[in-house]
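Here's the letter readout for the chains.
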Amino acid sequence: TSVLRAIIMFTGYFFLVKAIIIIIFSRLDYKLTLNFSIEKESNQYMKWYITKLSEYPFITAFVTLFIIYIPYMIASYPGILMGDTWDQIAQGFNIDGWTSEYLNLRSENVKLNNHQPIFHTLLLHICLSAGNRCFSSYNMGVFLFCFAQFLFMIGTISLFIKGCVSLKINNKIVLFAILYFAAAPRIQNYMFLITKDVIYAGGLLLFLVAFQSIKSNQDIYKNWQFIVSLLIIFFIRNDGKYLLCLT
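A quick note: this is a predicted structure, and the numbers were derived from the prediction, not measured.

Draft legend 1. View of the overall build of the protein. When its secondary structure is counted, the protein shows 11 helices and zero strands. When the helices and strands of the protein are listed from N to C terminus, the series reads α-α-α-α-α-α-α-α-α-α-α. For the protein, the proportion of its 247 residues judged to be buried stands at 36%. Residue pairs at least 24 apart in sequence account for 65% of intrachain contacts in the protein once pairs closer than 6 positions are excluded. Accessible surface for the protein amounts to roughly 15,500 Å². Of this, 67% is attributable to carbon and sulfur atoms.

Draft legend 2. Region of the structure containing the packing of helix H6 (residues 138-166) against helix H9 (residues 196-213). Orientation of H6 relative to H9, taken along the N-to-C sense of each, is 20 degrees, at an axis distance of 9 Å. As summarised for this structure, H6 and H9 are arranged roughly parallel, according to the angle between their axes. You can see that H6 and H9 cross each other, and the crossing is left-handed. Each of Phe145, Gln149, Phe152, Met153, Thr156, Ile157, Leu159 and Phe160 in H6 lies in contact with H9, whose residues at this interface are Val198, Ile199, Gly202, Gly203, Leu205, Leu206 and Val209. A class-by-class count of the residues in the contact of H6 with H9 yields 11 nonpolar, four polar and no charged.

Draft legend 3. The arrangement of helix H5 (residues 118-135) in detail. In this model, H5 (18 residues) spans 25 Å end to end at C-alpha, consistent with the 26 Å of a helix rising 1.5 Å per residue. Within H5 the residues assigned to the buried category are His120, Thr121, Leu124, His125, Cys127, Leu128 and Gly131. Buried residues in H5, looked at end-on, bunch into an arc of 160 degrees, giving them a common side. Pointing more than 90 degrees away from the buried face of H5 are the exposed residues Ile126, Arg133 and Cys134. Phi turns positive, to about 55 degrees, at serine 136, one or two residues after H5.

Draft legend 4. Region of interest: the packing of H5 against H6. Taken N-terminus to C-terminus, the directions of H5 and H6 make an angle of 130 degrees; their axes are 7 Å apart at the nearest point. By the angle between their directions, the pair H5 and H6 is classed as oblique. The way H5 lies across H6 gives a crossing that is right-handed. Taking contact as the criterion, the partners of His120, Leu123, Leu124, Cys127, Leu128, Ala130, Gly131, Asn132 and Phe135 in H5 are, on H6, Tyr138, Met140, Gly141, Val142, Leu144 and Phe145. Among the residues forming the contact of H5 with H6, the class breakdown is 11 nonpolar, four polar and no charged.

Draft legend 5. Structural context of the packing of aromatic side chains. Taken as a whole, this structure holds 17 aromatic pairs when the rule is applied. Ring centres 5.8 Å apart and planes at 90 degrees place the aromatic pair phenylalanine 211 and phenylalanine 226 in the edge-to-face group. With phenylalanine 211 in helix H9 and phenylalanine 226 in helix H10 (residues 224-236), this residue pair connects regions lying 15 residues apart in the sequence. Here the aromatic residues Phe66, Tyr69, Tyr72, Tyr77, Phe143, Phe147, Phe150 and Phe192 are joined through ring pairs into a cluster of three or more. Against the face of tyrosine 200 rests arginine 237, its NZ or CZ located 5.7 Å from the ring centre.

Draft legend 6. Up close: the environment of phenylalanine 150. Within the secondary structure, phenylalanine 150 is located in helix H6. Every residue in contact with phenylalanine 150, bar those within four places of it in the chain, is listed here: Leu65, Phe66, Tyr69, Met73, Met191 and Phe192.

Draft legend 7. Examining the nonpolar core more closely. The biggest cluster of nonpolar side chains holds 42 residues, and the ones touching the most others in it are Leu65, Ile161, Val174 and Met191. Ranked by residue count, the leading element in this core is H6, at 11 residues. Beyond its immediate stretch of four places on either side in the chain, leucine 65 contacts Phe150, Ile154, Ile157, Ile178, Phe181 and Ala182.

Draft legend 8. Looking closely at the side chain of glutamine 149. With respect to the secondary-structure elements, glutamine 149 resides in helix H6. When its relative accessible area of 2% is taken as the criterion, glutamine 149 is described as buried.

Draft legend 9. Main features of unusual backbone geometry. Cis geometry marks the peptide bond from tyrosine 77 to proline 78; its omega dihedral reads 0 degrees. Inspection of the secondary structure assignment puts proline 78 in the loop between helix H3 (57-76) and helix H4 (83-92). Phi at serine 136 takes a positive value of approximately 55 degrees, unusual for a residue other than glycine. Looking at serine 136, the relative accessible area reads 64%, which means it is exposed. If you check the backbone angles, lysine 168 has positive phi at about 60 degrees while not being a glycine. Examined against the element boundaries, lysine 168 turns out to sit in the loop between H6 and helix H7 (171-183).

Rules used in this analysis
Residues numbered from 1 in each chain as written. Predicted model: local features only at pLDDT ≥ 70, side-chain atom pairs only at ≥ 80, totals over all residues. Heavy atoms only, no water. Helix = DSSP H or I, 4+ residues; strand = E, 2+ residues; numbered from the N terminus. Buried < 20%, exposed > 50% of the residue type's maximum accessible area, 1.4 Å probe, protein only. Contact = heavy atoms within 4.5 Å. Areas by Shrake-Rupley, 256 points an atom, 1.4 Å probe, with all protein chains shown as cover. Axes fitted to C-alpha atoms, helices over the stretch in contact; angles between N-to-C directions. Parallel < 35°, antiparallel > 145°, perpendicular 65-115°, else oblique. Left-handed = near helix turned anticlockwise from the far one by under 90°. Nonpolar A, V, L, I, M, F, W, Y, C, P; charged D, E, K, R; others polar. Expected span 1.5 Å × (residues − 1). Arc of directions from axis to C-beta. Phe/Tyr/Trp six-rings, centres within 6.5 Å; stacked < 30°, edge-to-face > 60°. Lys NZ or Arg CZ within 6 Å of the ring centre and 35° of its normal. Core = buried A, V, L, I, M, F, W, Y, C linked by side-chain atoms within 4.5 Å.

See the structure below:
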């Protein structure tokens, strides 16, 4: 009886919540898509910017974010390291780190382990090795990693902005989104922070953009954004595979 009652209650709540969510998002869709308007702008410079944003949304958003972030890039050089970063660097060079002290390693001679995603650790190691070989500087290697991460993140954000423009989202909302990604202190910090969570967050955003761009009659596996986002989610965070299973 209790199981049957639970099933009935769950079903009722599920359809109730589903109906509420549909109503809310339908209203939001209507409010947000009150037209990406250029003619309404009276300011000449703003009108010029919105015109460029409507014609070349990806490039405009990308260049805007890149220019705004130059001071943060300089201030953060070579990058922002955290506790896990030191252990990942040590693993890449097969040196004992703090995880080597308590994990059951596959071999005493192999310090690389899956406490941090192996793919992310190896990406960091490749950049450090490239910086040392090309510029005789491990700091430059750290910067190469952070710069590549930064380009990926603003590229993904620019794809998101492009999607908003293509959906005719209100230009005030689009401009606010660009301003948010440009000025939010937490995002500024994350752009140059060496941690798996940054690229993983970019992969999740790309995942959402890909879902929006896929049409019902399109082969989902021909969408490069979708494929790339799946690979990032799977390889950059150890629990990413569970998210993929759920979705």
